[in-house]
Amino acid sequence: MSDQVSEGIASYWATGFFVVAVVLLCTVMIGAASLLGGRSTGPSKSLPFESGIVGAGSARQRFSVKFYLVAMLFVIFDIEAVYLFGWAVSVREVGWPGFAVAAVFILILLAGLIYDARVGALDWAPRKRGRVDAPTARALASTPGAKPGVR
């Protein structure tokens, strides 16, 4: 029993030493910062620091949903790059079946990108108010007496 314990300790001594060294280093750094750090008081101490500029207005602004939509699209296509990087590293091992699976994966994401473009998720600028889209223009042209600007 004691041989197994001493064998386990011998195999993990480096990990234990590393953990102890990290805890000791963190303790020394926090202690040195609290001893050597300056202490200041004043009315501007409680103000948030914004790159040297005094903050103005509320931090709780409303943002357009487009920003969040673009962020989600970025995450989706960023994860795609992670999967494709893993595939590219092992392309010789997976062979043609792996290529077929990667092609299907890319086609599914391409279909999603085309769908997002058709829905308007990638349109940044708002549509102009005075313009009439093509189906509405055709319907107005076929109606006698209709005015182009009135719906």
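Keep in mind the model is a prediction, meaning the values are calculated, not measured. Counting restarts for each chain: residues are numbered from 1 in the order of the written sequence. This being a predicted model, a pLDDT of at least 70 is required before a residue's local features are given, and a value of 80 or more before pairs of side-chain atoms are given or counted; all residues contribute to the totals for chains, interfaces and linings. Calculation of side-chain values draws on the structure's entire complement of heavy atoms; hydrogens and water are dropped beforehand.

K.L.:
What is the right way to look at a nonpolar patch on the surface in this model?
P.N.:
Residues Phe74, Val75, Ile79, Val82 and Tyr83 make up a contiguous nonpolar surface patch of roughly 530 Å² in combined accessible area. Mapped onto the elements, Val82 comes out in helix α2 (residues 65-89). Only residues whose relative accessible area exceeds 30% and that form no salt bridge are eligible for patches; like-charged ones are grouped when within 9 Å, while nonpolar side chains (Val, Leu, Ile, Met, Phe, Trp, Tyr) are grouped when within 5 Å. A 1.4 Å probe and the Shrake-Rupley method give the accessible areas. Residues count as covered only by the protein chains that appear here. Salt bridges, as used here, are contacts in which a Lys or Arg side-chain nitrogen is within 4 Å of a carboxyl oxygen on Asp or Glu. Labels follow the DSSP assignment, with helices taken as runs of H or I lasting at least four residues and strands as runs of E lasting at least two, numbered in each case from the N terminus.

K.L.:
Would you take a moment to explain the packing of α2 against helix α3 (residues 91-119) for this structure?
P.N.:
Packed helices, taken two at a time, are described by their axes: the angle between them and the distance between them. Look at α2 against α3: their axes get within 9 Å of each other, and the N-to-C directions meet at 165 degrees. Classified by the interaxial angle, the pair formed by α2 and α3 is roughly antiparallel. When you trace α2 past α3, the crossing you get is left-handed. In contact with Leu73, Ile76, Phe77, Glu80, Tyr83, Leu84, Trp87, Ala88 and Val89 of α2, α3 contributes Val91, Glu93, Val94, Gly98, Phe99, Ala102, Phe105, Ile106, Leu109, Leu113 and Asp116. Partitioned by chemical class, the residues of the contact of α2 with α3 number 16 nonpolar, one polar and three charged. The convention used is that axes are lines fitted to C-alpha atoms, helices contributing only their stretch in contact, and that angles between N-to-C directions extend from 0 to 180 degrees. For classification, angles of less than 35 degrees are called roughly parallel, those exceeding 145 degrees roughly antiparallel, those between 65 and 115 degrees roughly perpendicular, and all remaining angles oblique. In this scheme the crossing of two helices becomes right-handed for a clockwise turn of the near helix relative to the far one and left-handed for an anticlockwise turn of less than a right angle. By definition in these notes, contact holds between two residues if any of their heavy atoms fall within 4.5 Å. The classification used treats Ala, Val, Leu, Ile, Met, Phe, Trp, Tyr, Cys and Pro as nonpolar, Asp, Glu, Lys and Arg as charged, and all other residues, Gly among them, as polar.

K.L.:
Where do I start with the packing of aromatic side chains in this structure?
P.N.:
Working definition: an aromatic ring pair is given by the centre-to-centre distance plus the angle between the planes. Two rings from Phe, Tyr or Trp (for Trp, the six-membered ring) form a pair when their centres sit within 6.5 Å of each other. Planes less than 30 degrees apart are called stacked, planes more than 60 degrees apart edge-to-face, and all others tilted. Throughout the structure, instances matching the rule amount to three aromatic pairs. Look at Tyr83 and Phe105: their rings are 5.9 Å apart centre to centre, the planes differ by 80 degrees, and that puts the pair in the edge-to-face class. With a gap of 22 residues between them, Tyr83 in helix α2 and Phe105 in helix α3 connect regions that are remote in the sequence. Each residue gets one of three labels from its accessible area relative to the maximum for its type: buried under 20%, exposed over 50%, partly exposed in between, using a 1.4 Å probe on protein chains only. Owing to a relative accessible area of 54%, Tyr83 belongs among the exposed residues under this scheme. Relative accessible area serves as the criterion here: at 26%, Phe105 is assigned to the partly exposed category. A ring pair is formed by Trp96 and Phe99, whose centres lie 5.5 Å apart and whose planes are at 85 degrees; its orientation type is edge-to-face. Of this pair, Trp96 and Phe99 both sit in helix α3, three residues apart, which is roughly one turn of the helix. The exposure class assigned to Trp96 is exposed, which follows from its relative accessible area of 69%. Taken together, Trp87, Trp96 and Phe99 form an aromatic cluster joined through their ring pairs.

K.L.:
Teacher, can you tell me more about the confidence of the model for the chain here?
P.N.:
Detail in the predicted coordinates should be disregarded across regions flagged by low pLDDT. Across the chain, pLDDT averages 80, with 79% of residues at or above 70. Confidence, expressed as mean pLDDT per element, reaches its minimum in the chain at helix α4 (residues 134-142) with 67 and its maximum at α3 with 89. Residue-level confidence of the predictor is summarised by pLDDT, bounded by 0 at the bottom and 100 at the top.

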